[in-house]
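# Commentary on secondary and tertiary structure
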Amino acid sequence: MGAFIFLPFVYLAIIAFIVTVCIRSIIYKPVDPSRGAWGFLLCFEVIFTVIAPAIGFLRYDKFGPEIPFSTHHIHVIILLTFLSSGCFWIVKMGGHSLKGIMKQVLASGIAAGIVLCVITAIHFGKYNLNGLFFPLAGFELLSPFICIFILYKELYNLYATPPSAQAFHPGVLDAPVSAVPLAQRLVDTRSIARAFIMAVPFIIAVALLNMAAGGSPDAFIKAFTESQDFVFSKLF
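The sections below set out a description of the structure shown in this document. Because the structure is a prediction, the values reported are computed rather than measured. (Residues numbered from 1 in each chain as written. Predicted model: local features only at pLDDT ≥ 70, side-chain atom pairs only at ≥ 80, totals over all residues. Heavy atoms only, no water.)

## Structural notes on the overall build of the protein chain
- Looking only at helices and strands, the protein chain has nine helices and zero strands in total.
- Scored against the burial criterion, the 236 residues of the protein chain give a buried share of 43%.
- Across the protein chain, contacts joining residues at least 24 apart in sequence account for 75% of those joining residues at least 6 apart.
- Here the protein chain displays about 12700 Å² of accessible surface, and carbon together with sulfur accounts for 72% of that area. (Helix = DSSP H or I, 4+ residues; strand = E, 2+ residues; numbered from the N terminus. Buried < 20%, exposed > 50% of the residue type's maximum accessible area, 1.4 Å probe, protein only. Contact = heavy atoms within 4.5 Å. Areas by Shrake-Rupley, 256 points an atom, 1.4 Å probe, with all protein chains shown as cover.)

See below:
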């Protein structure tokens, strides 16, 4: 029984590791696949982008009257979650080989996932702490917060200049991004901004798919507002 007391500290250490590695990947350079940190991060990416959402959706209404999503409209959240997760994994496997419209669609899918994670993390409010202090009962409650960093790391690296560009910008990729003058940073920030703009039609497309399956036009909003005892519950 005493061992369970340390679980929140273990979980906090895992969260700190994920956030630190993701931020370092953005401001310095991507994690080297030959290092152990890459393997650990990959495992946690699987856990928090696939396993945690699946567990969360399976038991979201099993813990009393507090229900984070409307039972009638949760399907649109499930659809958007796993479509954005799929975009993340395609990008992770395809990397810089992706081009054109396919790259833009996948980037907008990841951006839509980030938007969903931000909204959901705010919506969970005080229950984020429940996920930390009672990880066995609800570790997935912190999944949206963690996935903000995981998804943005992959979106950022998608538009970072590939190693082959070093021939045209010698020395730039050898230095930390923070040490490189703004004009020389090899990251397409306009495309990242465009991905967030295109996240809106991506979410609309998901809503239309949900409507085609019998959902309501405002299911995405009602999924949050018709919940019980969460931040956006009964907002309208």
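The discussion continues.
## Examining the pattern of salt bridges
- According to the stated counting rule, one finds seven salt bridges in the structure shown.
- For the salt bridge of Lys 153 with Glu 154, the shortest nitrogen-to-oxygen distance reads 3.1 Å.
- Taking the relative accessible area as the measure of exposure, Lys 153 reaches 4% and is therefore buried.
- A salt bridge links Asp 218 to Lys 222; its shortest N-O distance comes to 3.5 Å.
- Classification of Asp 218 by relative accessible area gives partly exposed; the value is 31%.
- One salt-bridge network, in which partners are shared between bridges, spans Glu 45, Lys 92, Lys 153 and Glu 154. (Salt bridge = Lys/Arg side-chain N within 4 Å of Asp/Glu carboxyl O.)

## Details of the environment of His 123
- Counting through the fold element by element, His 123 comes out in helix H4 (residues 100-124).
- Along the backbone, His 123 and Phe 69 are 54 residues apart, and their C-alpha atoms lie at a distance of 9.6 Å.
- In this structure His 123 touches Pro 68, Phe 69, Phe 224, Ser 227, Phe 230, Val 231, Phe 232 and Ser 233, once residues within four positions along its chain are discounted.
- Engagement of the side chain of His 123 in a polar contact is seen with the backbone nitrogen of Phe 232, the distance being 3.2 Å. (Polar contact = N/O pair within 3.5 Å; in protein donor to acceptor, adjacent residues only side chain to side chain.)

## Focus: helix H1 (residues 7-27)
- The end-to-end C-alpha separation of H1 is 30 Å, in line with the 30 Å expected for 21 residues at 1.5 Å each.
- Taken together, the buried positions of H1 are occupied by Pro 8, Tyr 11, Ile 15, Ile 18, Val 19, Val 21, Cys 22, Ser 25 and Ile 26. Taken down its axis, H1 places every buried residue within 165 degrees of arc, on the same side.
- If you follow the buried residues of H1, they end up packed against helix H2 (36-59), helix H5 (127-133), helix H6 (135-138) and helix H7 (143-158). (Expected span 1.5 Å × (residues − 1). Arc of directions from axis to C-beta.)

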